[in-house]
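# Examination of the molecular architecture
Here are the chains, one letter per residue:
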Amino acid sequence: MISITLAGGYQMQQRSANGLGRALSGESAIAEDASVVASNAAGLFWLEEGRHHLSFSSSYLMVDGSVSGDFNNRLSDGDFGVESPLPSFYYGYNPGCNVAFGFAAHAAFAQHTDYDADFPAISLADKTKIKSIAFRPTVAWKVNSDFAVGGSLDVISTDGSIASSLPNGGKLLHLEGDDITLGFSLGAMWQATENTRFGMQFRSKSKLTLEGTAMSDAVAAFNGDSEMALTLPETIELSVYHQLDSQWAIHGDILWTNWSRFQTLAPKLANGAPIPEELQDWDDAIRISVGATYQYSDNLKLRAGIAWDQTPVPDSTRALRNPGSDAMWYTVGASYKINERHSVDAAFAYINSEEASITDTGSTGTFSGKGDTSINVFALQWNVKF
């Protein structure tokens, strides 16, 4: 079993190697490369004027964990793990007037749980996979020398699948679908003093209807066209960045996500055959992070951070598809300036969740036990300006 996002629902919080190295602290108040397009469009004005900025970033997630308990009075223990790459691309241009432009393409939401074929409770949950890619054309406006606002049109392409399987490997119920929807993001950045900067970003909700097919080897009526409604929730992020001296800076961040919109998982079949809904009843959640940056030399910058990531999954509905619990992030990173045009970033994060109880009941029985998960994330990024 894997859960890519661990605590934070299925929201992809890491967008760049630069941000990952500081545990995303100061995310909407820091503008060191083109990835600011995804964090806060207003930050385009803090990029070097008259240059085109490009950033290519990739994160590599290595998930490890275990689940233990019983399913219908049968011991059900196991280890699980997966590896997953997450590439992204960013472009920003600050021409030196009152308008700046950018574009971002990156993973916005993702979840993937995949149980081993010999897991006894595979009839309750085998695979769950959701992946949303956001394409964000962006524009920003400089109000004055210290304050700017910006926004983007968010085109979000989503693929999703849910599977429960028979012990022999057959399909009990497999559903898959896709959709493209629109949303928007708004941001603001304020240089309060020479050394202190504040940032804010709001990201709208987006409603999806994943249309596709249902397949079953066990129930003939569970074959045909299907759909499932899903809402990607709105978020508000507040950040601060403060330069202590010529070498040291500190930064902090708080992110709120309106996960209470996710109440049920309710697929529907075109032929009207009833499929039981899965109650989720998620709560709103926050992530709080702090970090520091140290300018070691003219070419080398070091950073580190720590974050507490609250799960939206309540104890009462934590299940095999959504086993997330509160997690801690511990991260380090570095930037190296190769020359006036090129620089690279690297980061590592260790994310560890609390052990949490899981109770999952379906038509084939009940799983009761505990699970814990940890993630190692490696990220690399190349930045160029011309």
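Keep in mind that what you see is a predicted model, and the values were worked out from it rather than measured.

Quick look at the overall build of the protein now. Along its length, the protein carries two helices and 21 strands. For the protein, whose C-alpha radius of gyration is 22 Å, the value lies close to the compact-globule estimate of 21 Å for 386 residues. With respect to the three principal axes, the spread of C-alpha positions in the protein is 65 × 40 × 30 Å. Going through the 386 residues of the protein one by one, you find that 53% of them count as buried. In the protein, the share of contacts with a sequence separation of at least 24, taken over all contacts with a separation of at least 6, comes to 68%. Here the protein contributes 25 positive and 44 negative side-chain charges, whose respective centroids are spaced 7 Å apart.

A few words now on the side chain of S164. Within the element layout of this structure, S164 appears in strand β6 (residues 147-165). Of the polar contacts made by the side chain of S164, one reaches the backbone oxygen of L124; its length is 3.3 Å. Beyond its immediate stretch of four places on either side in the chain, S164 contacts I122, S123, L124, A125, D126, K171, L172, L173, H174 and R321.

Bringing the nonpolar core into the picture now. When a protein is soluble and globular, its nonpolar side chains tend to lie buried together. Counting residues in hydrophobic clusters, the biggest one holds 24 residues, and the most contacted among them are L173, L175, F222, L230, L232, L269 and I275. Once you skip the residues sitting within four places of it in the chain, L269 turns out to touch A214, A221, F222, D225, S226 and I275.

A word on a negative patch on the surface. Taken together, D159, E176, D178, E211, D225 and E227 make up a surface patch of like negative charges. Following the sequence through the fold, D159 ends up in strand β6. D159 gets classed as partly exposed once you look at its relative accessible area, which sits at 46%.

Backbone geometry at A23 places phi at a positive 55°, although glycine is not the residue there. Relative to the helices and strands, A23 is located in the loop between α1 (17-21) and α2 (36-39). Positive phi, close to 65°, is recorded for L24, a residue that is not glycine. Along the polypeptide, L24 turns up in the loop between α1 and α2.

The rules behind these values
Residues numbered from 1 in each chain as written. Predicted model: local features only at pLDDT ≥ 70, side-chain atom pairs only at ≥ 80, totals over all residues. Heavy atoms only, no water. Helix = DSSP H or I, 4+ residues; strand = E, 2+ residues; numbered from the N terminus. Rg over C-alpha atoms; globule rule 2.2 N^0.38 Å. Buried < 20%, exposed > 50% of the residue type's maximum accessible area, 1.4 Å probe, protein only. Contact = heavy atoms within 4.5 Å. Lys, Arg positive; Asp, Glu negative; His and termini not counted. Charge placed at Lys NZ, Arg CZ, Asp CG, Glu CD. Polar contact = N/O pair within 3.5 Å; in protein donor to acceptor, adjacent residues only side chain to side chain. Core = buried A, V, L, I, M, F, W, Y, C linked by side-chain atoms within 4.5 Å. Patch = residues over 30% accessible without salt bridge, like charges linked within 9 Å, V, L, I, M, F, W, Y side chains within 5 Å. Areas by Shrake-Rupley, 256 points an atom, 1.4 Å probe, with all protein chains shown as cover. Salt bridge = Lys/Arg side-chain N within 4 Å of Asp/Glu carboxyl O.

Take it as geometry only, folks, not as evidence of what the structure does.
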